[in-house]
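Chains, contacts and geometry: an overview
These are the residues of each chain, in order.
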There are 6 protein chains.
Amino acid sequence: MSSQFHQPVDAAKVPRFAGHSTFMRLPVVDTAKDLDIALVGIPWDGGTTNRAGARHGPREVRNQSSLMRRAHHVTGIQPFSVANVADVGDLTVNPIDLQDSLKSIEDGIRAIVEEAAIPLAVGGDHLITLPILRAVSSGRKLGLIHFDAHSDTNDRYFGDNLYTHGTPFRRAIEEGLLDPKRIVQIGIRGSIYETGEHDWAKAQGVRIIYMEEFVRRGAEDVMKEAVRIIGDMPTYVTFDIDSIDPSMAPGTGTPEIGGFSTREAQQMVRLLSDVNIVGADVVEVAPPFDVGNVTALAGATMLFELLCIVAGQVAARR
Amino acid sequence: MSSQFHQPVDAAKVPRFAGHSTFMRLPVVDTAKDLDIALVGIPWDGGTTNRAGARHGPREVRNQSSLMRRAHHVTGIQPFSVANVADVGDLTVNPIDLQDSLKSIEDGIRAIVEEAAIPLAVGGDHLITLPILRAVSSGRKLGLIHFDAHSDTNDRYFGDNLYTHGTPFRRAIEEGLLDPKRIVQIGIRGSIYETGEHDWAKAQGVRIIYMEEFVRRGAEDVMKEAVRIIGDMPTYVTFDIDSIDPSMAPGTGTPEIGGFSTREAQQMVRLLSDVNIVGADVVEVAPPFDVGNVTALAGATMLFELLCIVAGQVAARR
Amino acid sequence: MSSQFHQPVDAAKVPRFAGHSTFMRLPVVDTAKDLDIALVGIPWDGGTTNRAGARHGPREVRNQSSLMRRAHHVTGIQPFSVANVADVGDLTVNPIDLQDSLKSIEDGIRAIVEEAAIPLAVGGDHLITLPILRAVSSGRKLGLIHFDAHSDTNDRYFGDNLYTHGTPFRRAIEEGLLDPKRIVQIGIRGSIYETGEHDWAKAQGVRIIYMEEFVRRGAEDVMKEAVRIIGDMPTYVTFDIDSIDPSMAPGTGTPEIGGFSTREAQQMVRLLSDVNIVGADVVEVAPPFDVGNVTALAGATMLFELLCIVAGQVAARR
Amino acid sequence: MSSQFHQPVDAAKVPRFAGHSTFMRLPVVDTAKDLDIALVGIPWDGGTTNRAGARHGPREVRNQSSLMRRAHHVTGIQPFSVANVADVGDLTVNPIDLQDSLKSIEDGIRAIVEEAAIPLAVGGDHLITLPILRAVSSGRKLGLIHFDAHSDTNDRYFGDNLYTHGTPFRRAIEEGLLDPKRIVQIGIRGSIYETGEHDWAKAQGVRIIYMEEFVRRGAEDVMKEAVRIIGDMPTYVTFDIDSIDPSMAPGTGTPEIGGFSTREAQQMVRLLSDVNIVGADVVEVAPPFDVGNVTALAGATMLFELLCIVAGQVAARR
Amino acid sequence: MSSQFHQPVDAAKVPRFAGHSTFMRLPVVDTAKDLDIALVGIPWDGGTTNRAGARHGPREVRNQSSLMRRAHHVTGIQPFSVANVADVGDLTVNPIDLQDSLKSIEDGIRAIVEEAAIPLAVGGDHLITLPILRAVSSGRKLGLIHFDAHSDTNDRYFGDNLYTHGTPFRRAIEEGLLDPKRIVQIGIRGSIYETGEHDWAKAQGVRIIYMEEFVRRGAEDVMKEAVRIIGDMPTYVTFDIDSIDPSMAPGTGTPEIGGFSTREAQQMVRLLSDVNIVGADVVEVAPPFDVGNVTALAGATMLFELLCIVAGQVAARR
Amino acid sequence: MSSQFHQPVDAAKVPRFAGHSTFMRLPVVDTAKDLDIALVGIPWDGGTTNRAGARHGPREVRNQSSLMRRAHHVTGIQPFSVANVADVGDLTVNPIDLQDSLKSIEDGIRAIVEEAAIPLAVGGDHLITLPILRAVSSGRKLGLIHFDAHSDTNDRYFGDNLYTHGTPFRRAIEEGLLDPKRIVQIGIRGSIYETGEHDWAKAQGVRIIYMEEFVRRGAEDVMKEAVRIIGDMPTYVTFDIDSIDPSMAPGTGTPEIGGFSTREAQQMVRLLSDVNIVGADVVEVAPPFDVGNVTALAGATMLFELLCIVAGQVAARR
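Computed from a predicted structure; not experimentally measured.

Points about the side chain of threonine 235 of chain E
With respect to the helices, strands and loops of the structure, threonine 235 of chain E is situated in strand 7 (residues 235-240). Leave out the neighbours within four places in its chain, and threonine 235 of chain E touches Gly143, Leu144, Ile145, Arg182, Ile230, Val275, Asn276, Ile277, Val278 and Gly279 of chain E.

Below you can see the structure in the form of structure tokens.
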């Protein structure tokens, strides 16, 4: 019964600008115990190769999530009525030590997973998805729905560095965390390092849907294919805010023009209800580069869209 | 004859950055006497439940309206040649007294209406439309074309408060100012307080066209239906700038991603020529949250679009 | 013993950008029970006559207070070691009802005072100090150290409105909450409504130290006089951020050039250790008008300076 | 009698954000007829060698001048009670033709002077002072009080161009508009083109008070000397906003750190009461480079300070 | 062979924020000798009738072009492998002398053309295209693909001034530099000075595709017509950034809502591969009005798109 | 003879906004060979514990250094006439590997030192000074003039991490690079981790001049002591931009109110002419947090001030 679940502060009673800013104005809890879904911040951008700032993402996404209300106007889902959701705070990270941080993130997510809660994480740069996958996969090879301007399957940067926000999915495939044949990348665009940059990923079986194909086919057709590829096995959803156009999401480290509209992004996420989601994230919101907080607002809203989908699945399974 | 009408300062003679910033660079007049259309500012945001700032809207919309020229490039209408238009200044408002302000606004608009001029108002938050409707309705039940992200038909906020920018159209229906069966709301979207939030409005007969339906059908089809519902009886047009996407209109109190493009908004307003418009407004432009003045520019241009439509009707009636 | 007291999160362990942003990174508690000092937000600006925005003050001051550490570098005071301090959250306010809000604020502060905790409030506009004084005075006439660009002793605005952020201290004197002969206003400057604007206050015995006198005499000399005037009876300290120069505190509703430097402001507050402080506030931080968060940073630091002074007094009394 | 004079809109009746933004919220008049003092905008920056934008200065200074009230808190002067002052609008300028603009500005100011009104101009870049001096000098060699970071007595730029905002006072001396022995430049600082850059000016008799000398001696001592040098003959006062420190006036084309505080600037202007002022200006406010409008606010306040001084002289002469 | 050509700094070796910011991180060279394509800045906005600032365009476009990589993700073209490209620096301009600047620009471009290199210029306001055409036409009448919100075929401004950024293509037609029957203008929109403003251009044979026609037909259909009209004779491509919507390109002097998305702009430029391009430019990027550098990013990316097309043609001709 | 030396582009010939932005508009050279002074960028902020962004410092400082001219207005020094100075570009750094970067920076500076040039570096966060000192010390124990809000002599962060921007001078003392008895830290202020935070440094003999002592004594007196302590042995000068007040330098990672004015900072640097300077830096300029580029301008000007001092010493030694 919903009355047992955590409820957000009601904006018709307490104004949105009042009170502590937590994800969706939910209570803060210490552990994921008894939660169905754990909203968690991962304020770390140590894998960023160009413009850092995503470390400040969780705080601003929390701030803008004050604008979210309790029900989804299209699906009618009221996530806080059908699932127990709370803000479990930020994972401990280390801004000056990459490996230490990857370890902390993995441990933090594992603690959530071990409580049988589904983690919805807010980054942080895209390298955080690697330790999340290490924790969530639990020996299984997961599928991946990946919204992004970039494939993030490069090999090395700055000499022999294997771990940056440009490499997480190559590493995840190599580590056996993901089944490359069940990876769909959508929205890929922008100039690339060399013509064959994506050849490795394609050779593994990754399905790359470039922005141009998306524009031709539309969200519905593309998502039908994506869902078919993913099937009904456990799948992770990762949403890089730079998949959205820089006009709607300027506050990110590596913007590429010609991106998704927020409308298209919302439409696609709403079509994920049949995917077996075991975790999700919104990454690369970098407030120091944002203007008027529109990027954090987009991030908070995409988090709400993901939350509604996952909450619906939790309810269906109950 | 146009030579009798007020004319804007010509930007090919006096640069746009020079001179006092009035609506459309028109002369300022004291009353609506002899005017066909009165451009009027209502700098008040006392009904705002979250982020105030729309009180500064009229000044910045005036500022950005310096960019408007004399003719509409699609319809060819030259509003200042076919109608007498001027800037009648701002209505007196009281930033710390809600009821006093509602009274002042109603009186101010009534003075315009009594001169047989059509008021085109720039807000201010959306609660200003309630006293405008009180003045414009003159005992008639008006139709309403309502562009917005929000239905604004809630009942109460913060206890038993009846008057906020989330309630004007519920009050207007209750007060008999609007015929709910001739209300069309377009662009509604974003999370809602509860799944049944819009049930009251729908039960009254209000036609809510959610953003998702709009995207599916397109502007032309939607507006055809809207115009059919409205018919040829007197109708008010209210344009909440938050109907437009936050990337194009970030400077507003309650942004919701996934909104209209300005293109779509322009297209819809241009399809209003057969509606019997007795007044219109552009509301919720909140400059303190704007970036690069794009919201005020969008507001000024939508005001120009509305002006061209109304001026065309004035000319047709002459 | 300090180990019993609430401690802030340590920035050498958890980075400043991580974790929920509470005042000074302290724990959030529900009541002031067992506290010596209660940090409380009052996000309300319904008394603002020009540019609203101070409703967003508490959230941003909390945010910037992440930069505070545990010890004062000049006095050596470690406030969290000698006093029990926590963030008691925001008082409930009503953005569209002035009298309702004044009542709520008074009740909220009274609840703190009744727990024998000293309230350190963050506004909000300056009208919030009136209900705070109603709660804190408890029948006594308090003294007042008042840092401000404006005397805030006007009588009425917009007709007969008695309650705005330009009138709180006139009302407080009239209501017998303050002893006008023990009021010192420091930093007053800027154009005034009429030459005799301050005559009423002076006639009551208020000591107004204009900015020009301050510049001539310096902080030490001025504060010596202020402390002498105030004596050892219970006194409230109110710090309007617009007392500081707009270059250092642009994010405020009514900026006046020629203000205090932050250095001077810090120096003055540090000279308050012999004043018997029963409550204090930092008001008029208006983030929508801030640039680079410097105003919120100044507000957070002045809050820390006040906290150190009050904590020192708590320790001395223990 | 003051009742005959133009009065600003009263902010205790009409909020500062309401109404058209004119200088000091004064009425707009067509000519300087019957005025003692004419506030005039000169939105032109065609002499700018680096960052243009001062063309937008008059509009933003008008905007920020809404914050001015009717009386000076130090001198007690109520300028609108003792002198007839109004906003005469902007002079016509041509953004793409330098000589045409110089001519227009001269003509526009001459029209003011011929009505026996004293022009207080808001630029525009510093080259506008040259045509102003041509109009105001009327055959006399004027004295000049010149607040600036730069001497503006260079000879040529970009080949043989004689007219830029770096050359006006060299030209004015050459044209016999100024008596170089009665020119005092205060606040000069910043790197220079070559070590001897100021030699020409000094050879003419110009007294240059570098910032370092100002800091050593203080405002009072420096102004005593300045007033002595100027004597009681007709004098023009020009205030380049870049004389103020970039922290307080970032919105300008050629910022130089280490400038005046606004306090010091106010103090100096207040010491001009014995100077025989025949005209004055505030120049180089460039809103596109401003942050939080602090520069325009500083410009508006310095204009008010100048206005109070000149109004006091008008009253004294009456 | 590509090894002989200039190569950009590799962002996987040297981070994008490091090193001097040149166009595409290419080497700076003194002349266009041995180049196939010369990237050249023209930092001049002396033809601007309203908001100047495009003089700062080249520097910021260079800055943002650090985000470009070496290959085009759709066409696979690696421009630096198939053509010799470099940054030849900025042409010398004179911010205070229009005719002098037009002459310098023409001379500068002629020097590039005489080395048989194709100039890709970054402005600067749109008047720079006139002297570029003078240099590039070399006696031929060129075709023109013109992306813009404005036709820029007005006759005069501010009296009899023939040369502004609103007139270059009228002058170019009059001077015989362009064949008006081979001019296609795409994206034209926004209010106009009078209903017949475009009649002159249309009478010359210019094909104006208004935004509304573009929206109806789509990029592919429109570009098919454009390419057919242009034929295979030498053609210049000019891309005014204000053709793009102000949400994606706010940093420009004369924004008009309802513009191209960047996606549409990219799609159109990619369809130019069969046009015989002899030069191109990206103009009207005005950084002082930009927010979050999105306009400069859009400009840099459109430059990259143009570069890839032209490089492909260079390779095909080799 | 100066004619042999590199000269900056002349702003009276080429406007400041034109041309590539290099330090002081000087030529870019590949090595420090034949240079007296090498201006070098170190775009790295991997030691930052809170707000990163100083990696973008060199680019923006270069940009703002376009405003510098060739002569110092107080000392008359023309640095480019008496010393050979150039921009040697940025050192290669690795944004995701701390130790790799420390190594690269040390190597890069050593290459400069080995050419007998004096490095003037622009950071980057303050940890870069550690590898610079490793290269510059060459076995000697250097003296240190250290302008900063923070002592930067902490021991560890985030567990056992020895290398952050809060620890460089502890490490440098431990490594024997600095003689602690010849270290003077000026401007220290702001809350500290614990009351004894500076005890270690003081025990080593470091002289800490807190801001409050500076305010009491003034720049001249303080610098006299500093110069006396340092003596005539080789000394390094490090200028952390956060020593300056956040109103004048908001763009930095760890702002503390109550800082130096730029005037005071300039005055102090000008008093260094008798110090035997073997290298210097300006660090912690973080453009993503800057407003209106005032911090980068302050950084560029302080770099110019240091350059003039060092150039004067070079000339004196010649």
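Remarks on the UniProt feature "binding site: Mn(2+) 1" (unreviewed entry) in chain A
Residues and elements named next belong to chain A. In this structure's numbering, the residues bearing the UniProt feature "binding site: Mn(2+) 1" (unreviewed entry) are Asp148, His150, Asp152, Asp240 and Asp242. These annotated residues cover 95 residues of sequence, and their C-alpha atoms lie no more than 12.1 Å from one another, placing them together at a single site. Take aspartate 148: it is sitting in the loop between strand 4 (142-147) and helix 5 (168-174). Aside from chain neighbours lying at most four places away, what touches aspartate 148 is His126, Ile186, Gly187, Ile188, Asp240, Asp242 and Ser243. Within the structure, aspartate 148 has its side chain in polar contact with the side chain of histidine 126 (distance 3.2 Å).

Some words on the interface of chain A and chain B
Tallying the contact residues gives 31 residues for chain A and 33 residues for chain B. Buried surface at the junction of chain A and chain B, summed over both partners, amounts to about 2,500 Å²; 56% is from carbon and sulfur atoms. For chain A, the biggest contributors to the area lost against chain B are Arg69, His73 and Arg263 of chain A; these three give 32% of the whole. The tally of links from chain A across to chain B stands at 3 salt bridges. Linking glutamate 212 of chain B and arginine 270 of chain A is a salt bridge whose minimum nitrogen-to-oxygen distance equals 2.8 Å. Where chain A meets chain B, there are 16 residue pairs in polar contact (both at pLDDT 80 or more). Breaking the side of chain A that touches chain B down by element, the ones donating at least two residues are helix 9 (262-270) and helix 10 (294-317) of chain A. Ranked by residues supplied to the side of chain A that touches chain B, first place goes to helix 10 of chain A with 6 residues. Class assignment for the residues of the side of chain A that touches chain B results in 16 nonpolar, 8 polar and 7 charged.

Digging into the packing of helix 3 (residues 98-114) of chain A against helix 4 (residues 129-137) of chain A
Residue and element names in this part refer to chain A. Where helix 3 contacts helix 4, the axes come no closer than 8 Å and their chain directions differ by 35 degrees. Helix-helix and strand crossings are classified by hand; for helix 3 and helix 4 the assignment is right-handed. Facing Leu102, Ile105, Glu106, Ile109, Arg110 and Val113 of helix 3, the residues of helix 4 in contact are Pro131, Ile132, Arg134, Ala135 and Val136. In terms of residue class, the contact of helix 3 with helix 4 is built from 8 nonpolar, no polar and 3 charged.

Description of the interface of chain D and chain C
Contacts between chain D and chain C engage 31 residues on the former and 33 residues on the latter. Each partner contributes to the roughly 2,500 Å² buried at the junction of chain D and chain C, and carbon and sulfur atoms together form 57% of this total. Our enumeration of links across chain D and chain C arrives at 3 salt bridges. Our count for the chain D to chain C interface comes out at 16 residue pairs in polar contact (both at pLDDT 80 or more). In terms of residue count, helix 10 (residues 294-317) of chain D provides more of the side of chain D that touches chain C than any other element does, 6 residues in total.

Some remarks on the arrangement of the chains
In this assembly chain A lies apart from chain D, the nearest approach of their C-alpha atoms being 14 Å. Left apart from each other, chain C and chain E have a closest C-alpha approach of 14 Å.

Observations regarding the relation of the copies chain D and chain C
In summary, the two copies of the chain are related to each other by a rotation about an axis coupled with a shift along it. Placing chain D over chain C gives an RMSD of 0.0 Å and needs a rotation angle of 120 degrees, together with 0.0 Å of translation along the axis. Expressed as a symmetry operation, the mapping of one chain copy onto the other fits a three-fold axis. Using C-alpha coordinates, one finds that chain D approaches the rotation axis most closely at serine 247 of chain D, a distance of 3.3 Å. Each copy contacts the other with its own distinct surface, as only 6% of the interface residues of chain D are interface residues in chain C too.

Section: helix 1 (residues 57-64) of chain E
In terms of residue burial, helix 1 of chain E counts as a mostly covered element, since 8 of its 8 residues are buried. The complete set of buried residues in helix 1 of chain E reads Gly57, Pro58, Arg59, Glu60, Val61, Arg62, Asn63 and Gln64 of chain E. Where helix 1 of chain E is buried, its residues contact strand 1 (37-42), strand 2 (85-90), strand 3 (118-123) and helix 10 (294-317) of chain E together with helix 1 (57-64) of chain F.

Quick notes on the packing of helix 1 (residues 57-64) of chain C against helix 10 (residues 294-317) of chain C
Residue and element names in this part refer to chain C. At a minimum axis separation of 8 Å, helix 1 and helix 10 run at an interaxial angle of 75 degrees. Between helix 1 and helix 10, the angle is such that the two are roughly perpendicular. Together, Glu60, Val61 and Gln64 of helix 1 and Ala296, Leu297, Gly299, Ala300 and Leu303 of helix 10 make up the contact between the two elements. The residue inventory of the contact of helix 1 with helix 10, partitioned by class, reads 5 nonpolar, 2 polar and 1 charged.

Observations regarding the packing of aromatic side chains
To describe a pair of aromatic rings, one takes the distance between the centres and the angle between the planes. Scanning the entire structure with this criterion turns up 24 aromatic pairs over all chains. Ring geometry for phenylalanine 147 of chain D against phenylalanine 239 of chain D: centres 5.4 Å apart, planes inclined by 45 degrees, an arrangement best described as tilted. Of this pair, phenylalanine 147 of chain D sits in strand 4 (residues 142-147) while phenylalanine 239 of chain D is found in strand 7 (residues 235-240), placing the two residues 92 residues apart along the sequence. A single burial state applies to phenylalanine 147 of chain D and to phenylalanine 239 of chain D, both of which are buried. Three or more aromatic residues joined by ring pairs make a cluster, and in this case those are Tyr157, Phe158 and Tyr193 of chain A. If you follow arginine 69 of chain A out to its NZ or CZ, it ends over the ring of tyrosine 193 of chain B, 5.5 Å from the centre. In this structure, arginine 170 of chain A is placed above the aromatic ring of tryptophan 200 of chain A, and the distance from its NZ or CZ to the ring centre is 4.2 Å.

Observations concerning the pairing of strand 4 (residues 142-147) of chain E
A regular strand places its side chains on the two faces of the sheet in alternate fashion. Residues and elements named next belong to chain E. The buried count for strand 4 comes to 6 of 6 residues, which makes it a mostly enclosed element. The sheet contact formed by strand 4 and strand 5 (residues 178-188) spans 5 bridges and is parallel. Bridge pairing in strand 5 places histidine 146 opposite glutamine 185. With helix 5 (residues 168-174) bridging strand 4 and its parallel neighbour strand 5, the resulting β-α-β unit is right-handed. As paired strands, strand 4 and strand 7 are joined by 5 bridges and run parallel to one another. Across the sheet, residue phenylalanine 147 finds its bridge partner in strand 7, namely phenylalanine 239.

Parameters and conventions
- Residues numbered from 1 in each chain as written.
- Chains lettered and ligands numbered in written order.
- Predicted model: local features only at pLDDT ≥ 70, side-chain atom pairs only at ≥ 80, totals over all residues.
- Heavy atoms only, no water.
- Helix = DSSP H or I, 4+ residues; strand = E, 2+ residues; numbered from the N terminus.
- Contact = heavy atoms within 4.5 Å.
- UniProt positions renumbered as here; feature names shortened; annotations may be inferred.
- Polar contact = N/O pair within 3.5 Å; in protein donor to acceptor, adjacent residues only side chain to side chain.
- Buried area = accessible area lost by both parts, 1.4 Å probe.
- Salt bridge = Lys/Arg side-chain N within 4 Å of Asp/Glu carboxyl O.
- Nonpolar A, V, L, I, M, F, W, Y, C, P; charged D, E, K, R; others polar.
- Axes fitted to C-alpha atoms, helices over the stretch in contact; angles between N-to-C directions.
- Left-handed = near helix turned anticlockwise from the far one by under 90°.
- Least-squares fit on C-alpha atoms with pLDDT ≥ 70 in both.
- Buried < 20%, exposed > 50% of the residue type's maximum accessible area, 1.4 Å probe, protein only.
- Parallel < 35°, antiparallel > 145°, perpendicular 65-115°, else oblique.
- Phe/Tyr/Trp six-rings, centres within 6.5 Å; stacked < 30°, edge-to-face > 60°.
- Lys NZ or Arg CZ within 6 Å of the ring centre and 35° of its normal.
- Pairing = 2+ DSSP bridges.
- Right-handed = clockwise from strand over helix to strand, strands pointing away.

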